[in-house]
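Read off the chains here:
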Amino acid sequence: MIVGALARDLAAWHPPSPGMARLRDDYLAFLDERGSRALDRDGGREHLTSSCFVFTPDRSSVLLCFHRKGRFWVQLGGHIENADASVSEAAFREAVEEGGIPVDPVSVLPVDVDRHALSAGFGRCAVHWDVGFAATATAGSVPVVSDESDDVRWWPVDALPSAVPGGFGDRLSRVIEALSERP
């Protein structure tokens, strides 16, 4: 059920570029081929993850965590759990767990997809097929560090830390642009 709903949402999504459209099509093929195993971190070295870009209401800052395994700053997110009713629910749950603050979803539809290889520090996971969502937090919200991160803090979207994954700035820019086009 979750896989079918995600496939419908991805099929309805209008990627911002031909390259992102091809990647979206790869996601649809991956979901079709793997079915519910695509969600299971124990179902193979490649699987879906869900993440959440949490912004201040004016979208001038983004909440990032310093990922313990990756040793970089990145948006909040993680694996989809059996109790999650949808991939978007997993993203918003992870945002609250990792950021320690309540979030208000911007939409339950994806705003981004990003398939990336992982270093050996991630153990048996080799590739994450991440589906990104967006939320806002109340202005002045103070994040709380979780067991999964070494640090969590607000960063201006135009002054990101140097230790981010390759292409993260472009990914964040695409998300902000996509959000600006929503009513």
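None of these values were measured; they are calculated from a predicted model. (Residues numbered from 1 in each chain as written. Predicted model: local features only at pLDDT ≥ 70, side-chain atom pairs only at ≥ 80, totals over all residues. Heavy atoms only, no water.)

Quick look at unusual backbone geometry
This is how the line gets drawn: Labels follow the DSSP assignment, with helices taken as runs of H or I lasting at least four residues and strands as runs of E lasting at least two, numbered in each case from the N terminus. Think of it in three bands: residues with accessible area under 20% of the maximum for their type are buried, residues over 50% are exposed, and the middle band is partly exposed, with areas taken using a 1.4 Å probe on protein chains only.
Here the phi dihedral of arginine 59 falls at roughly 60°; this positive angle occurs in a residue that is not glycine. Within the element layout of this structure, arginine 59 appears in the loop between strand E1 (46–55) and strand E2 (61–67). Note on arginine 59: relative accessible area 27%, which makes it partly exposed.

Some details on the confidence of the model for the protein
What counts, and what does not: Confidence of the predictor at the level of single residues is captured by pLDDT, which takes values from 0 to 100.
Overall, the prediction assigns the protein a mean pLDDT of 89, with 95% of residues at 70 or greater. By mean pLDDT, strand E6 (residues 112–117) is the weakest element of the protein at 86, and strand E5 (residues 104–105) is the strongest at 96.

Regarding the nonpolar core
Filter applied, for reference: In these notes, a set of buried Ala, Val, Leu, Ile, Met, Phe, Trp, Tyr and Cys residues joined through side-chain atoms within 4.5 Å is what counts as a nonpolar core. Only heavy atoms enter the contact rule, under which two residues are in contact if any of them lie within 4.5 Å.
Counting residues in each nonpolar core, the largest one holds 48 residues, and the members touching the most others are Tyr27, Leu48, Val54 and Phe55. In this structure leucine 48 touches Leu6, Tyr27, Phe30, Leu31, Ala38, Leu39, Ile80, Trp129 and Val131, once residues within four positions along its chain are discounted.

A word on the pattern of salt bridges
Once their charged atoms are close, side chains differing in charge can pair, the charge on each being opposite to the other. As a reminder, the rule being used: Only one rule defines a salt bridge in this text: a Lys or Arg side-chain nitrogen within 4 Å of an Asp or Glu carboxyl oxygen.
Taken as a whole and judged by the stated rule, the model has 12 salt bridges. Measuring nitrogen to oxygen at the nearest pair gives 3.3 Å for the salt bridge that ties aspartate 26 to arginine 115. Taken together, the residues aspartate 26 in helix H2 (residues 18–34) and arginine 115 in strand E6 connect sequence positions 89 residues apart. Taking relative accessible area as the criterion, aspartate 26 reaches 34% and is therefore assigned partly exposed. Judged by its relative accessible area of 36%, arginine 115 falls in the partly exposed class. Here the salt bridges share partners, and the residues they tie into one network are Glu81, Asp84, Arg93, Glu94 and Glu97.

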